[in-house]
Amino acid sequence: MSTAPHPPVVTVVVPVHNEEPVLPELLVRLRQIFDADARIAWRAVFVDDGSRDRSVALITEAARLDARILLVRLSRNFGHQSALAAGLCEADGSDAAVTMDADLQDPPELIGEMIEHWLRGAEVVRAVRRSRQEKGLRRLGFDLFHRFFNQLADFPIEADTGTFGLLDRCAVAAINRLPERHRFFPGLRSWVGFTTAEIHYDRQERAAGQPAQTLRRLVRYAFDGIFSFSYLPLRLLTLVGIFISACGFALGTFFIVRRLLGVEIAQTGFTTLVTLLLFLGGGQLIGIGILGEYLARVYDEVKQRPQFIRRESPRDR
Ligand code: UDP
Ligand code: MG
C-alpha cells in the first residue's frame, strides 16, 4: 500500500469484448462505487478486445464525461487473457489494480470489501465463488476443471477463483514481468505469491448478452491452465509406458518359455493381435498429442510475439 500523502490510486481493469448490453449498467455501478469512497483516487481501464458492437462508442462517451474512465483498444480480438494483460500493463504504477469481467458476473460492489483487505495489508485479494449460475455443458466443464485441476497442478492453485480480485502494485509488477503468452491468470496470481486474503461471493448470472468466451475457447483456456502448471500428463505417459512394457516383457517371457518347453502354438490370436495393435497405436498417438501440446506452447513462447497489440492508449491522446 502506498504511504504517499495523496490518496492511493486504484485501477479497475475490465476486458471488454462485445459487451454493449451490459456496459451502461456496469459504468453506472462502477461510478457509484468510485463516488462512495473518497479515500481512493479511482481509475477504470476498459480494454476493448476487438469488439464489433458499440462497446467502444459507449466507453469513449463515458470517458469524455468522466476523466477516471480510460479506454485501451487492442488492434483485434486477442482473447480474454491477453486483454487482461493489456489492462494490467496500463495499471502499472497504480497502488493497486482490481481485475474483473465486464458482464457483472463479478458484482462491482465487492470492490469495497477488497479495498478494506488491501488497506489492512493484504497484497492479493481473491474473490472465491460460493456458487455459480452457469448451467448445462458449461457448468459441467467448470466443475470438472476445478475439481481435477487442483490435483493436477504442480503447486496448489485454489479452486473456484477466477479473474475477480485485487492486486497490490507489487503483485501487478510481478505479474507484468511474467513473459509467458499462454496465460492462466488465476494460476499466475497464485504463483507470484504475496500476502493473500479471500472474500467469498455468489457468482451472478451474466447481466445481459451472450458469453463472449465460446466453449472452445474455454476448453483451450483449461488446457493452458493444465499444461502450464502441470507436468503430470508427461509423467503419466512415462508411467503408462513402463506399465505396458512390463506387461509386454511378462507376456514375452511366458511365450518364450512355452516355446522352449515345446508347447504347440495354435494358429489363432488374430483378434488379440489386432486389438493390441490398435490399442497401442492409439495410446502412442495420444502420447504424441500430449507432447505436441507442450511443444506447441514452447514454440509459441520461443516466437516471442507480443501478447497483444494496442491500437491506441490513453497516453496517446
Ligand atoms: N472477453 C474479452 N475477449 C474475448 C472474450 C471475452 O475481453 O475474446 C471479456 C468479456 O468481455 C468479459 C470477460 O472477458 O468481460 C469474460 O468473458 P465471458 O463473460 O464471456 O466469459 P465467462 O464468464 O464465460 O468466463
Ligand atoms: Mg462471464
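Predicted, not measured: the structure shown is a model, and the values here were computed from it.

Brief notes about the overall build of the protein
Argument step 1. Within the protein, the secondary structure is distributed over ten helices and eight strands.
Argument step 2. Over its C-alpha trace the protein gives a radius of gyration of 25 Å, far above what one expects of a compact globule, namely 20 Å for 317 residues.
Argument step 3. Taking the principal axes of its C-alpha atoms as reference, the protein extends roughly 95 × 40 × 40 Å.
Argument step 4. By residue count, 43% of the 317 residues in the protein fall in the buried class.
Argument step 5. Contacts in the protein between residues at least 24 apart in sequence constitute 85% of all its contacts with a sequence separation of at least 6.
Argument step 6. Roughly 17,300 Å² of accessible area belongs to the protein as shown, and the carbon and sulfur atoms make up 62% of that amount.

Quick word on a nonpolar patch on the surface
Argument step 1. Together, Leu-137, Leu-140, Leu-144, Phe-148 and Leu-215 line one region of the surface with nonpolar side chains, adding up to about 490 Å² of accessible area.
Argument step 2. At four residues, helix H5 (residues 136–152) tops the list of elements feeding residues into the nonpolar patch.
Argument step 3. Relative to the elements of secondary structure, Leu-215 occurs in helix H8 (residues 215–229).

Looking at the pattern of salt bridges
Argument step 1. Applying the stated criterion to the full structure yields 17 salt bridges.
Argument step 2. Note that Glu-109 is salt-bridged to Arg-29, the shortest N-O span being 2.9 Å. A residue pair is termed long-range when its members are at least 10 positions apart, and Glu-109 in the loop between strand E4 (96–99) and helix H4 (111–119) and Arg-29 in helix H1 (residues 23–36) qualify at 80 residues.
Argument step 3. Salt-bridge contacts for Asp-95 lead to Arg-169; the nearest nitrogen and oxygen are separated by 3.2 Å. Here the residue Asp-95 occupies a position in the loop between helix H3 (80–90) and E4, and Arg-169 occupies one in helix H6 (residues 169–177), the gap between them amounting to 74 residues.
Argument step 4. Take Asp-95: its relative accessible area is 7%, and that puts it in the buried class.

Here's the deal with the coordination of the magnesium ion (ligand 2)
Argument step 1. Taken together, Asp-103 (OD) and Gln-105 (OE1) make up the full set of protein donors to the magnesium ion (ligand 2), lying 1.9 to 2.0 Å away.
Argument step 2. For Asp-103, a relative accessible area of 4% gives the class buried.

Considerations on the side chain of His-17
Argument step 1. Along the chain, His-17 falls in the loop between strand E1 (9–16) and H1.
Argument step 2. Only 2.8 Å separates the side chain of His-17 from the backbone oxygen of Asp-49, close enough to count as a polar contact.
Argument step 3. A polar contact of 3.3 Å, which involves the side chain of His-17, links it to the side chain of Asn-77.

Let's talk about H8
Argument step 1. Under the 1.5 Å per step criterion, the end-to-end length of H8 is 21 Å for 15 residues, consistent within 8% with the ideal 21 Å.
Argument step 2. Along H8, the positions that sit buried rather than exposed are Leu-218, Tyr-221, Ala-222, Asp-224, Gly-225, Ile-226, Phe-227 and Phe-229.
Argument step 3. Of the surrounding elements, those touching the buried residues of H8 are H3, H5, helix H7 (185–192), helix H9 (232–260) and helix H10 (270–303).

Considerations on the packing of aromatic side chains
Argument step 1. Applying the stated rule across the entire model yields seven aromatic pairs.
Argument step 2. Ring centres 4.8 Å apart and planes at 10 degrees place the aromatic pair Phe-34 and Trp-42 in the stacked group. Just as Phe-34 is buried, Trp-42 falls in that class too.
Argument step 3. Both rings, one in Phe-164 and one in Tyr-201, keep their centres 5.6 Å apart while their planes meet at 75 degrees; by these two values the pair is edge-to-face. With Phe-164 in strand E6 (residues 161–168) and Tyr-201 in strand E7 (residues 196–202), the pair connects residues that are 37 residues apart, well separated along the chain.
Argument step 4. Joined through ring pairs, the aromatic side chains of Phe-184, Tyr-221 and Phe-229 make up one cluster.
Argument step 5. A cation over a ring is seen here: Arg-76 above Phe-78, with NZ or CZ 3.9 Å from the ring centre.

Regarding the nonpolar core
Nonpolar side chains tend toward joint burial in soluble globular proteins.
Argument step 1. One finds Val-12, Leu-26, Leu-30 and Phe-46 to be the most contacted residues of the largest nonpolar core, which totals 38 residues.
Argument step 2. Considering every element that reaches this core, the biggest residue donor is H1, with six residues.
Argument step 3. Leu-26 has contacts with Val-14, Phe-46, Met-100, Ala-102, Leu-104 and Pro-108, leaving out every residue within four places of it along the chain.
Argument step 4. With 25 residues, the next largest nonpolar core counts Val-13, Leu-84, Val-172 and Tyr-221 among its residues.

A closer look at the packing of H5 against H8
Argument step 1. Contact geometry for H5 and H8: axes closest at 11 Å, N-to-C directions at 0 degrees. Overall, the two elements H5 and H8 adopt an arrangement that is roughly parallel. Judged by residue contacts, Leu-137, Arg-138, Phe-142, Phe-145, Phe-149 and Leu-152 of H5 engage Leu-215, Leu-218, Ala-222, Gly-225, Ile-226 and Phe-229 from H8.
Argument step 2. Per-class residue counts for the contact of H5 with H8 are ten nonpolar, one polar and one charged.

A look at the environment of Pro-156
Argument step 1. Structurally, Pro-156 is set in the loop between H5 and E6.
Argument step 2. Under the relative-accessibility criterion, Pro-156 is labelled exposed at 64%.
Argument step 3. Between the C-alpha atom of Pro-156 and that of Phe-229, which follows or precedes it by 73 residues, the distance is 9.6 Å.

Concerning the confidence of the model for the protein
Argument step 1. Of the residues in the protein, 96% reach a pLDDT of 70 or more, and the chain-wide mean stands at 86.
Argument step 2. When the elements of the protein are averaged for pLDDT, H5 gives the smallest value, 76, and E4 the largest, 96.

Basis of the calculations
Residues numbered from 1 in each chain as written. Chains lettered and ligands numbered in written order. Predicted model: local features only at pLDDT ≥ 70, side-chain atom pairs only at ≥ 80, totals over all residues. Heavy atoms only, no water. Helix = DSSP H or I, 4+ residues; strand = E, 2+ residues; numbered from the N terminus. Rg over C-alpha atoms; globule rule 2.2 N^0.38 Å. Buried < 20%, exposed > 50% of the residue type's maximum accessible area, 1.4 Å probe, protein only. Contact = heavy atoms within 4.5 Å. Areas by Shrake-Rupley, 256 points an atom, 1.4 Å probe, with all protein chains shown as cover. Patch = residues over 30% accessible without salt bridge, like charges linked within 9 Å, V, L, I, M, F, W, Y side chains within 5 Å. Salt bridge = Lys/Arg side-chain N within 4 Å of Asp/Glu carboxyl O. Donors = N, O, S within 2.8 Å, 3.2 Å for Na, K, Ca; no water. Polar contact = N/O pair within 3.5 Å; in protein donor to acceptor, adjacent residues only side chain to side chain. Expected span 1.5 Å × (residues − 1). Phe/Tyr/Trp six-rings, centres within 6.5 Å; stacked < 30°, edge-to-face > 60°. Lys NZ or Arg CZ within 6 Å of the ring centre and 35° of its normal. Core = buried A, V, L, I, M, F, W, Y, C linked by side-chain atoms within 4.5 Å. Axes fitted to C-alpha atoms, helices over the stretch in contact; angles between N-to-C directions. Parallel < 35°, antiparallel > 145°, perpendicular 65-115°, else oblique. Nonpolar A, V, L, I, M, F, W, Y, C, P; charged D, E, K, R; others polar. pLDDT = per-residue confidence, 0-100.

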